[in-house]
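Architecture at a glance
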Amino acid sequence: MKKYKRTFREDLRMIKRALKLIETNTPHFLLHTYLYSFFSTAIFVIANYITASIVDELTGNRDIKKILFLLLMYAAEIILHIFQDNSWRKIRTFNLISSKWEEVLLNSKSFSMDYPNMEDPLMRAKRQMITDSRSSGGLGRLMMELSSFFIGINQIVMCSAISMELFFRHPEKTLSGFEKFIDSPGLTVAFFMFVALCALGEYKVNSKYNRLANRKIKSNSMIERLLHYYLDDYIDDSKACKDIHIFNQKKLIRNSSDKIYGDWINGCKELHSLFRKKNNRYNLFYVLTTAATYLFVALKTYIGAFGLGGFIKYQFCIARIVDAAESISGAITALRTNNDYLETFFEYLDTPTEMHYGTIPTEKRMDNKYDIEFHNVSFKYPNTENYAIRNLNLKFRVGDRIAVVGMNGSGKTTMIKLLCRLYDPTQGYITLNGIDIQKYDYEDYLDLFSVVFQDFRLFSFSVGENVSAEVDYDEEKVWSSLEKAGMLERIKAMPKGLKTPVYKDFEEDGVEISGGEAQKLAIARALYKDAAFVILDEPTASLDPIAEHEIYSRFNDMVKDKTAVYISHRLSSCRFCDRILVFDNGQLIQDGSHENLLENPDGKYSELWNAHAQYYAEKKA
Ligand code: ADP
């Protein structure tokens with residue numbers, strides 16, 4: 001099995017790209033990360049150097065002036081602490097900013113993505129995965145690991161420079177026999193080689209087990225997500241409480257969460273065992289290095305190459321070099337593992353734009369003379385086999401009142417999505433006033449449509465913002481749209497009127513609204529947009545019969561000279577439309593007025609109508 005998914009060079013390239021990205025948002029972060037690591041290392045290396053010098057002085061010349069001077073140098077260290085603290089605060093702030101900025105980048109990518117990608121379950125899962133792993137990976141993690149890496153490097157450089165003195169410190173007296181052997185350059189070289197081998201051993205043990213542990217943590221992350229869902233999300237969802245009680249789902253949730261909890265415990269045990277193995281091996285190298293260092297430095301002190309201060313200094317520096325090997329190996333493994341996150345993150349940001357976005361502006365017409373025509377259009381959703389729409393030829397004439405009917409899954413909503421260019425046809429094309437809609441500026445084209453989808457969403461903004469989809473809105477126009485949608489009295493009765501927050505997510509004085517009221521607000525939003533095409537997909541499903549009657553009886557007035565398209569299962573409400581389109585199995589099979597269509601008793605429309613009528617007749621009887 002490959003150790004890593006990417007080569008070292010590919011990993012470096014990814015880190016470089018991430019660093020460039022971070023630098024654009026928080027300039028000089030790399031400089032401050034380096035400075036922080038430099039000051040952090042310098043503080044303890046200098047402190048140790050001073051301690052060693054004081055001990056030497058106390059056990060040697062006992063020059064009080066020199067001792068006082070060394071003590072004063074301790075005080076001067078405070079300057080280094082100020083610099084270190086300054087860099088630390090900077091990189092902490094950079095880190096926080098970068099973590100949020102990551103979300104902002106992801107969101108702006110989501111908003112600018114082709115609609116098919118936004119709806120694609122795989123793409124949504126990718127986004128979810130990135131969000132879920134942000135606590136353990138990301139630009140922030142890269143910054144922290146980089147700081148450990150720099151600390152390790154600085155430690156090695158500074159401590160090695162000091163330890164090199166070991167080669168040049170010899171006793172003043174003439175040595176012979178065993179003492180001469182201790183002082184020989186050969187033994188010093190052998191000692192350094194031994195320490196280097198142990199450090200390499202530690203590095204290998206660390207990277208192997210950190211890599212295995214990270215892999216395990218990653219494979220446990222799905223279990224964590226499921227556990228989080230059962231233990232937190234499911235209960236947090238206030239709408240789920242009804243189902244939990246009515247269907248006594250407690251047992252189902254408990255059994256599922258118990259199983260996952262068991263898997264989670266096993267995962268933790270495996271991790272624990274990995275860390276135990278790592279620590280056993282690591283400790284062996286650590287003890288060997290420490291013992292060899294103490295022995296070597298003690299022997300050099302014993303033969304008089306340096307005093308007690310030298311013993312403290314060199315022992316400390318060599319131990320730090322070994323520690324540095326650990327932090328560097330830990331940082332490299334963590335950086336490479338973090339690249340798994342960055343890879344998905346960049347993949348998401350690099351999602352290509354496949355739809356063709358034209359440049360022609362749409363004509364701004366007061367008479368709403370926009371003729372849209374489907375030319376032999378067929379369409380398959382991405383990654384599916386079956387056509388959702390087949391060979392559709394259809395012309396929308398200005399001012400039409402069109403009802404679209406058909407069984408579930410017959411292609412009605414898909415036709416609307418094609419009309420609004422949320423998707424492009426797989427075959428055939430659609431024209432607006434004779435020109436292929438792909439040639440028009442996309443935003444301009446979208447401005448022609450107001451749609452209330454079956455699964456519309458309102459947001460935790462104020463009523464006014466929800467209706468207008470703007471921060472600075474035309475209040476009069478919002479009130480008039482609310483009136484047309486039958487929500488005027490309800491909103492007027494609210495203490496803050498248009499400023500009333502919808503839902504109580506963020507504000508205590510927010511209002512919870514019923515499904516029917518939400519639908520009326522969505523209709524008001526569609527009317528506020530004042531687009532040439534008004535499309536209502538199952539517009540009255542959540543409305544009570546009186547509200548439904550009100551909306552329909554006022555609809556002609558509401559939409560005026562616009563083209564209106566309704567998708568509805570209540571055939572009785574389609575009767576006021578001039579034209580009814582009947583869809584079946586992705587095909588437009590009938591197109592005509594209610595009366596015309598009923599003239600064909602064997603047609604689908606008659607079948608649907610009779611089923612509907614029979615149902616009501618039975619209910620009356
Ligand atoms: P209707 O609005 O008539 O109920 P739709 O247009 O929503 O039907 O669906 C038509 C067909 O396309 C159905 O078979 C449905 O399962 C499929 N479909 C709808 N949306 C998607 C999608 N996002 N991805 C894949 N298939 C889809």
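Calculation rules
- Residues numbered from 1 in each chain as written.
- Predicted model: local features only at pLDDT ≥ 70, side-chain atom pairs only at ≥ 80, totals over all residues.
- Heavy atoms only, no water.
- Near = heavy atom within 4 Å.
- Polar contact = N/O pair within 3.5 Å; in protein donor to acceptor, adjacent residues only side chain to side chain.
- Areas by Shrake-Rupley, 256 points an atom, 1.4 Å probe, with all protein chains shown as cover.
- Axes fitted to C-alpha atoms, helices over the stretch in contact; angles between N-to-C directions.
- Helix = DSSP H or I, 4+ residues; strand = E, 2+ residues; numbered from the N terminus.
- Parallel < 35°, antiparallel > 145°, perpendicular 65-115°, else oblique.
- Contact = heavy atoms within 4.5 Å.
- Nonpolar A, V, L, I, M, F, W, Y, C, P; charged D, E, K, R; others polar.
- Pairing = 2+ DSSP bridges.

Around the ligand sit E119, Y381, T384, A388, M407, N408, G409, S410, G411, K412, T413 and T414, and those are all the residues in its vicinity. Residue G409 places a main-chain N or O atom 2.8 Å away from an oxygen atom belonging to the ligand. Between an oxygen atom of the ligand and a side-chain N or O atom of K412, the distance comes to 2.9 Å. Protein chains bury 62% of the 560 Å² of accessible surface belonging to the ligand in isolation.

As a further point, take the packing of helix α1 (residues 8-25) against helix α3 (residues 64-112). Two numbers describe how α1 lies on α3: the axes approach to 11 Å, and their chain directions differ by 100°. Relative to α3, the element α1 is oriented roughly perpendicular. In this structure, α1 contributes L21, I22, T24 and N25 to the contact, and α3 contributes I97, S98, W101 and L105. Here the contact of α1 with α3 is built from residues that sort into five nonpolar, three polar and no charged.

Bringing the sheet that holds strand β6 (residues 449-452) into the picture now. Read across the open sheet, the six strands follow the order β6-β7-β8-β3-β9-β10; overall the sheet is mixed. Each edge of the open sheet is held by one strand with a lone partner, namely β6 and β10 (587-592). With strand direction ignored, the average angle separating the axes of adjacent strands in the sheet is 15°. In the sheet, strand β3 (residues 401-406) pairs with strand β8 (residues 563-567) via four bridges, with the strands oriented parallel. By the bridge assignment for β8, V404 is matched with I567.

The next subject is the pairing of strand β2 (residues 387-396). With six bridges connecting them, strand β1 (residues 372-380) and β2 associate as antiparallel partners. Counterpart to E373 in the pairing with β2 is K395.

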